[in-house]
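# Notes for the structure review
Listed below, chain by chain, are the residues.
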Amino acid sequence: MVKELLAPAGDIEAGYAALYYGADAVYLGLQKFSARATATNFDERNLNEFIAYAHSLQPRRKVFVAINTLVRESELPELLETLEICRRCQVDAVIVQDLGVAKIVRDLYPELELHASTQMAVHNKEGALVLQRFGFKRVVLARELTRAEIAEIAAVPGLETEAFVHGALCYSYSGLCLFSAMETGRSANRGKCLYPCRSLFEGESGLKHYFSMKDLALEEDVLNMPAYSLKIEGRKKSALYVAAVTDYYRRILDSGKADKRRAQNIRQIFSRPWTKFHFNGKNKDVVDRDFVGHRGLAVGTVLQAGNGRICFVPAYRIARHDGLQIDVTGQEKPFGFSLLKLRVNGKNVFEAAPGEKVEVMLPPQAPDIQKGDKVYLASSSEVKGAYPYSRPKPGEYRLRPAVDVRVRIEPDRVVAEACGVRAELDGVWDKAKEPEKMVVAVQRVFDKTGDEAFVLGALDVQNVGGWFVPVSVLNALRRDLYAGVKPAAVQSRLLKQPEPRKAGVCGRQIVKIFDLAVLDGFDCHDVDEILVAVDEHFEPDKLKGLPKNKVRLALPAVCRNVRAMMPVIESCLAAGYKKWEADNYWAVQVLPRKGIDLSFGGSIYMFNSQAVAAARELGASRVTLAVEDTIDNMRELAEVSSLPVVLPVYEQVPLFISAVCLRDHSCKDCTRERKVMTLKRNGRGYKVLSANCQTMVFDEQPFSLSPETASSIKAEFKLAQTGAV
């Protein structure tokens, strides 16, 4: 099957580089609602030019726009403006995380194709089926999946799948990471992540980067990728990086083999150590605990150090002004510097060949470098010039709508009309000798749209009397008309207001538990509902003794083995448990569509009323407000929600939900039983729960709202959670 190579573009230069080196499609972000908010991103002019150019190429290339953040209620008007830009610029698809954004696109902008962002945490076939039913044509899969899991989802008829093949990895499942939001107020789901996962933590193995992931690099394994679209990560990377990575994978796809030299080029442009993650099965070698950031291409090992210089034998050519980095014991980042002085055999040289012993002068601020430290080529002048690309002149390509014009010639005047604009010039005209040529003359004049934001569409010339109008008059008429034409700048697409819900009883209490043992001695009359976490090892018999009318069973946000979960679900349904909670879309697929009461948990994010309306469409009877949301948006959403809302008032929030194991021993020596570990960072403590090849990280200080704040939000239910760790 022919694959799509999909490359990133943080700016227009990276986009042109991607197209030049063989990308079939490019994804990018606009100025708002992009999960890479700190990238340069595109304004409407650049987007227009870039799409016009991409669509002009043979074969035609596609452009996708990432509108992949959660959108607050007050931002919905700005969202419509952004979608209008996408419509005007004829984007090939929009990549969406927010369920409300998806509903708006589906209902108001059906011409825009919907792709489900990896932020929606689609990790099984069941979740993909739910989103397909909602209107998505493509799902971008969780990076954690194996080849077999990807193949199962890719087999869904009529649904395109997209999978990452190269680039940065997150420790948590994308979309399920709340670390930056809860610790700093800067949310990854809002495009503002501060990457606390790359920090140093004190743990069982000492002071390490326990969550700092290596970079994904499938290389030749892309040939075995079942997904249709092969996605390169990197909207914050340079045009040089995008060119090199796109070129590398384009050649693999076309030739069936990897080019070692081009792989080396990528490593020295930007690269952490590479991993294939879990693509070929469970893999523990995915975290770089000792160093963070760009390492470069391993080029040698320090043989001698001292007196402000080091000696080593480079495995590759190096030259003055190249950038070197050295792993220095005790430092969390490699020490980097520009190579300003290079000696071979006691002589100053401009460059050194592989295998020559070189002497390199260190800058004055160099740390204590030791024999045996590894040296990397982190920047090469030679490679910087190895990826030229062509680009069109600014303004050469533009997408311009067609405008229909009507021209009416009368004996004493000539009138032109378009888009509700009218221009008129008076005069006295003679009869035309050849009236049919008058139509040709009018066509030539009005074809001259120049720098206008439109081109001439259909032209209707009415000249019943066969009059002759001078070209100078027609030119003046055209200028007057076109000066006032504004072609469909914004269409009046209005959001359908959700139906208001019936007034509820505020303040009813829910307690969520992970271990039924915490209920020993608990008076169930004190709460309105007991939310019980269920996994594939859950024993329904343990629910006996609890009032069935108060029990709601909560399915997890991540379920990698739905087949193993189904007997538990079916057993609970057969026992008469009709209240359920979904924390991911897969649960909607496996639960009956009728006869149950389904609520949505906090991991299916509700940031706006359109998302609530979409949840209702999927069968939800109530929704949960997001703990990372602002109090103001919670308050507003609780007022306008078309479903009852749950307000978390006390919760052990999972900062990470991850498929990466923190245990030091190998997989074959693991019991997979529950284990709790402790980490510390900057005097703050964290609990790590490891069980069944899944890791969850919690702050020791639970999320908690003050009674005054909680009472100001008119939610029907207040949720308290306990027993996670």
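As a starting point, this report considers the structure included with it. Residue numbers here run from 1 along each chain, matching the order of that chain's written sequence. Residues qualify for local features only when their pLDDT is at least 70, as the model is predicted, and side-chain atom pairs are given and counted only at 80 or more; totals for whole chains, interfaces and linings, by contrast, use all residues. Where side-chain values are given, they derive from all heavy atoms of the structure, hydrogens and water being excluded.

## Section: the overall build of the protein chain
A run of H or I in DSSP becomes a helix once it reaches four residues, and a run of E becomes a strand once it reaches two; helices and strands are each numbered from the N terminus. Secondary structure summary: the protein chain contains 17 helices and 42 strands in total. Dimensions along the principal axes, computed over C-alpha positions, put the protein chain at roughly 100 × 85 × 50 Å. Residue exposure (1.4 Å probe, protein chains only): buried if accessible area is under 20% of the type maximum, exposed if over 50%, otherwise partly exposed. Split into buried and exposed, the 725 residues of the protein chain put 56% on the buried side. Intrachain contacts of the protein chain at a sequence separation of at least 6 include 69% that bridge at least 24 residues. To be clear on the numbers: accessible area is Shrake-Rupley with a 1.4 Å probe, and residue cover counts the displayed protein chains and nothing else. Here the protein chain displays about 30,900 Å² of accessible surface, and carbon together with sulfur accounts for 50% of that area. Contact between two residues is taken to exist if any of their heavy atoms lie within 4.5 Å; hydrogens are not considered.

## Quick look at the packing of helix H4 (residues 99-108) against helix H15 (residues 609-617)
Axis angle and axis distance: for two packed helices, these are the angle between their axes and the distance between the axes, and together they describe the pair. Lines fitted to C-alpha atoms define the axes here, with helix axes fitted over just the stretch in contact, and angles between the N-to-C directions of these axes take values from 0 to 180 degrees. Viewed as axis vectors pointing N to C, H4 and H15 meet at an angle of 80 degrees, and their least axial separation amounts to 7 Å. In terms of their interaxial angle, H4 and H15 are classed as roughly perpendicular. Across the interface between the two elements, Leu 99, Gly 100, Lys 103, Ile 104 and Arg 106 of H4 pack against Gln 610, Ala 611, Ala 613, Ala 614, Ala 615 and Glu 617 of H15. Its residues placed into classes, the contact of H4 with H15 shows six nonpolar, two polar and three charged. Convention used here: angles under 35 degrees read as roughly parallel, angles over 145 as roughly antiparallel, angles from 65 to 115 as roughly perpendicular, and any remaining angle as oblique. All residues other than Ala, Val, Leu, Ile, Met, Phe, Trp, Tyr, Cys, Pro, Asp, Glu, Lys and Arg, Gly among them, are scored as polar; the first ten of these are nonpolar and the last four charged.

## Examining the environment of Ser 74
Counting through the fold element by element, Ser 74 comes out in the loop between strand E3 (62-67) and helix H3 (76-88). Sequence-wise, Ser 74 and Gln 119 are 45 residues apart; in three dimensions their C-alpha atoms are separated by 22 Å.

## Observations regarding the side chain of His 115
Its location among the elements puts His 115 in strand E5 (residues 114-116). Side chain to side chain, His 115 and Glu 113 meet in a polar contact 2.8 Å long. Residues within four places of His 115 in sequence aside, it is in contact with Phe 64, Ala 93, Val 94, Ile 95, Val 96, Phe 136, Arg 138 and Glu 162. Side-chain atoms alone can form a polar contact between residues adjacent in sequence; in general such a contact is a pair of N or O atoms within 3.5 Å, and within protein one must be able to donate a hydrogen while the other accepts it.

## Overview of the sheet that holds strand E18 (residues 335-338)
Read across the sheet, four strands follow the order E13-E23-E17-E18 without closing on themselves; strand pairing throughout is antiparallel. In this open sheet, the two strands that pair with only one neighbour each are strand E13 (297-301) and E18. Neighbour-to-neighbour, the strand axes of the sheet open up by a mean angle of 30 degrees, direction not taken into account. Paired strands, as defined in this entry, are two strands with at least two bridges between them according to DSSP. Bridge analysis of strand E17 (residues 323-326) against strand E23 (residues 374-379) gives four bridges, and the strand direction is antiparallel. Bridge pairing in E23 places Gln 325 opposite Tyr 376. Along the sheet face, helix H9 (residues 260-269) touches E13 and E23 and points at about 90 degrees away from the line of E23.

## Topic: the pattern of salt bridges
Put simply, a salt bridge is a Lys or Arg side-chain nitrogen that is within 4 Å of an Asp or Glu carboxyl oxygen. Applying the stated criterion across every chain yields a total of 54 salt bridges. Of the charged contacts in the structure, one is a salt bridge between Asp 629 and Arg 72, with a shortest N-O distance of 3.3 Å. Pair noted here: Asp 629 is in the loop between strand E35 (620-624) and helix H16 (631-640) and Arg 72 is in the loop between E3 and H3, with a separation of 557 residues, a long-range link. For Asp 629, a relative accessible area of 8% gives the class buried. Notably, a salt bridge pairs Glu 424 with Arg 422, separated by 3.0 Å at the nearest N-O pair.

## A look at the nonpolar core
Formed by 185 residues in total, the largest nonpolar core has its most connected members in Leu 47, Phe 211, Phe 600 and Met 606. When residues of this core are assigned to their parent elements, the largest contribution, nine residues, is made by helix H8 (residues 239-255). What Leu 47 contacts, discounting residues up to four positions off in sequence, is Leu 28, Leu 30, Phe 42, Val 65, Ile 85, Cys 89 and Val 91. Core analysis: the next-biggest nonpolar cluster, separate from the first, contains 26 residues, Phe 446, Val 461, Val 469 and Val 473 among them. Remark: nonpolar core denotes a set of buried residues (Ala, Val, Leu, Ile, Met, Phe, Trp, Tyr, Cys) joined through side-chain atoms within 4.5 Å.

## Describing the sheet that holds strand E25 (residues 413-418)
Strand order in the open sheet made by the four strands is E26-E25-E24-E28, with mixed pairing throughout. Each edge of the sheet is formed by a strand with only one pairing partner; in this case those strands are strand E26 (421-426) and strand E28 (455-462). Mean inter-strand twist for the sheet, computed between neighbouring axes without regard to direction, equals 15 degrees. Along the sheet face, helix H11 (residues 435-446) touches strand E24 (402-410), E25 and E28 and points at about 155 degrees away from the line of E28. Taken strand by strand, helix H12 (residues 471-484) contacts E24, E25, E26 and E28, and its axis lies near 155 degrees from that of E26.

## Concerning the packing of aromatic side chains
Here a Phe, Tyr or Trp ring, Trp counted by its six-membered ring, pairs with any other such ring whose centre lies within 6.5 Å, and the pair is stacked when the planes are under 30 degrees apart, edge-to-face when over 60, and tilted otherwise. Tallying each qualifying case throughout the model produces 20 aromatic pairs. Note on Phe 211 and Phe 656: the rings are 5.0 Å apart at their centroids and 70 degrees apart in plane angle, and the pair reads as edge-to-face. Placement of Phe 211 in the loop between strand E9 (206-208) and strand E10 (215-217) and of Phe 656 in strand E37 (residues 654-658) is noted, with a sequence separation of 445 residues between them. Neither Phe 211 nor Phe 656 differs from the other in exposure class; each is buried.

## Section: the pairing of strand E42 (residues 717-722)
Bridge count between strand E30 (residues 508-513) and E42: six bridges; the pairing is parallel. When the sheet's bridge partners are listed, Ile 513 is paired in E42 with Thr 722. With four bridges joining them, strand E36 (residues 645-651) and E42 adopt parallel strand pairing. When the bridges of E42 are listed, Val 646 appears paired with Phe 717.

## Considerations on the side chain of Gln 325
Secondary-structure assignment places Gln 325 in strand E17. Judged by its relative accessible area of 14%, Gln 325 is buried. In terms of polar contacts, Gln 325 uses its side chain to reach the backbone carbonyl oxygen of His 294, at 2.5 Å. Within the local environment of Gln 325, its side chain forms a polar contact with the backbone oxygen of Arg 295, the two atoms lying 3.1 Å apart.

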